[in-house]
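Coordinate inspection notes
Below, each chain spelled out in residue letters.
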Amino acid sequence: APQATTVTVTGAGGQIGYGLLFRIAAGDMLGPDRPVRLRLLEIPQGLKAAEGAALELQDGAFSLLEHVEVTDDPRVAFDGCSIALLVGARPRSAGMERADLLQANAGIFGPQGAALSEVAADDIRALVVGNPANTNALIAAASAPGIPADRFSALTRLDHNRAVGQLVAELDARPDDIDGVAIWGNHSSTQFPDVSHAVFGPVKTGPDVTMVFDALAAKLGSSEAALAWLDDVFVPRVAQRGAEIIRVRGSSSAASAANAAIEHVRDEQGGVAWTSAAVVSHGEYGVPEGLVCSFPVRSDGDGYRVIEGLDLDDRARARLAASVDELVAERDAVRALGVI
Ligand code: NDP
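Residues numbered from 1 in each chain as written. Predicted model: local features only at pLDDT ≥ 70, side-chain atom pairs only at ≥ 80, totals over all residues.

Where an unreviewed UniProt entry is consulted, the protein appears under the name Malate dehydrogenase, with the organism given as Microbacterium fluvii. Listed in UniProt under the heading Catalytic activity (unreviewed entry), the comment for the protein reads: "(S)-malate + NAD(+) = oxaloacetate + NADH + H(+)". (UniProt positions renumbered as here; feature names shortened; annotations may be inferred.)

**Here we look at the site of the ligand**
Residues in close proximity to the ligand total 28 residues, the closest being Gly11, Gly14, Gly46, Gly88 and Ala89. Among the residues forming the shell around the ligand, the class breakdown is 13 nonpolar, 13 polar and two charged. Per-domain counts for the shell around the ligand show at least three residues from each of domain 1 (5-154) and domain 2 (157-331). (Near = placed C-beta within 6 Å. Nonpolar A, V, L, I, M, F, W, Y, C, P; charged D, E, K, R; others polar. Domains from an automatic or database assignment.)

**Comments concerning the nonpolar core**
Counting 97 residues, the largest nonpolar core has Val128, Val129 and Ala261 as the members making the most contacts within it. In terms of domain composition, this core takes at least three residues from each of domain 1 (5-154) and domain 2 (157-331). Dropping the residues within four chain positions of it, Val128 is found in contact with Leu86, Ala133, Asn136, Ala137, Ala140, Phe152, Ala154 and Leu155. (Core = buried A, V, L, I, M, F, W, Y, C linked by C-beta atoms within 7 Å. Buried ≥ 20, exposed ≤ 12 C-beta atoms within 10 Å, placed from the backbone. Contact = placed C-beta atoms within 7 Å.)

**Let's talk about the packing of helix α1 (residues 15-25) against helix α10 (residues 255-270)**
Taken N-terminus to C-terminus, the directions of α1 and α10 make an angle of 45°; their axes are 8 Å apart at the nearest point. Viewed along their axes, α1 and α10 adopt a mutual orientation that is oblique. You can see that α1 and α10 cross each other, and the crossing is right-handed. Facing Ile16, Gly19, Leu20 and Arg23 of α1, the residues of α10 in contact are Ala255, Ala257, Ala258, Ala261 and Ile262. Here the residues of the contact of α1 with α10 sort into seven nonpolar, one polar and one charged. (Axes fitted to C-alpha atoms, helices over the stretch in contact; angles between N-to-C directions. Helix = DSSP H or I, 4+ residues; strand = E, 2+ residues; numbered from the N terminus. Parallel < 35°, antiparallel > 145°, perpendicular 65-115°, else oblique. Left-handed = near helix turned anticlockwise from the far one by under 90°.)

Laid out in structure tokens, this is it:
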């Protein structure tokens, strides 16, 4: 049997962690052939919840799950780990300023980056889920001198899936019939969910494929109506879906966030032709180098790469620029705090 892969989940006692652990143990992330060793990191007040989840994992009797360990020490949690899911973060509380939020999260993601750098496996890849995810990833990468920065990414796959979900509903389609959706920018309300390169139809077979935009125009009666739907319904709905879930469900999205994190890692490791993820910019599309920004990406199984060469119209450029401005402001605030 192949050697077990060590996977570390931080904030493992929380809601997203609860969804994640069972999917990982069931093989949904790394496939049915790769046994896993789970390390659950929590802060002291979260340890009991994580220990409870560990008991339930035992009760799952998962054939792929070799071992589970719960700890509040990052150096123990990340020792030999190949995949780190950084979920635990300091949430924004009422009246909290952005600088305070960034400072609190720097106190989490700085030491975690340093610990990863010291004790993780050589093939480590870390996905940041905890918000503000893009800038938390930037902080972790900057604190991990021994790890190439492009091993860190942040989750915008949930935004991507939400965008696909809205198109599926509007076009009365199936998820597999839609390809080429892109999330650009920050994982925040300034993100730009973009369908201008998206196609609709039996994508894999070809001849009946149309642009999503044309399908929307046909459905809604005109190009103007399609554009209005995108600007006034689709973009705000996707960008504010988290708040909608809280309103309806009474607590924040957890299973869908866990699902998206599973898919992010699965596709990064297994390969994918097109999805969205926040990765370290090398200057693609004019995004300043070093920012962790969401782009359309692909993977050959060795990490996400930005899909380059797409034409962006003025509307898309303006929306991307607004979200990048926010990322620059977050980075500058972190710099001003002396964190990076
Ligand atoms: P959740 O598990 O619901 O969320 C965890 C993080 O994921 C939050 O920062 C949350 O951001 C973020 N997130 C990203 N995308 C989404 C999304 N689409 N929907 C919802 N959340 C999203 O939080 P809990 O409070 O249940 O659990 C957090 C756990 O982390 C606690 O058990 C706490 O003890 C632990 N923790 C662990 C740390 C560590 O291991 N060192 C450090 C800090 C906390 P947002 O707040 O914006 O919703």
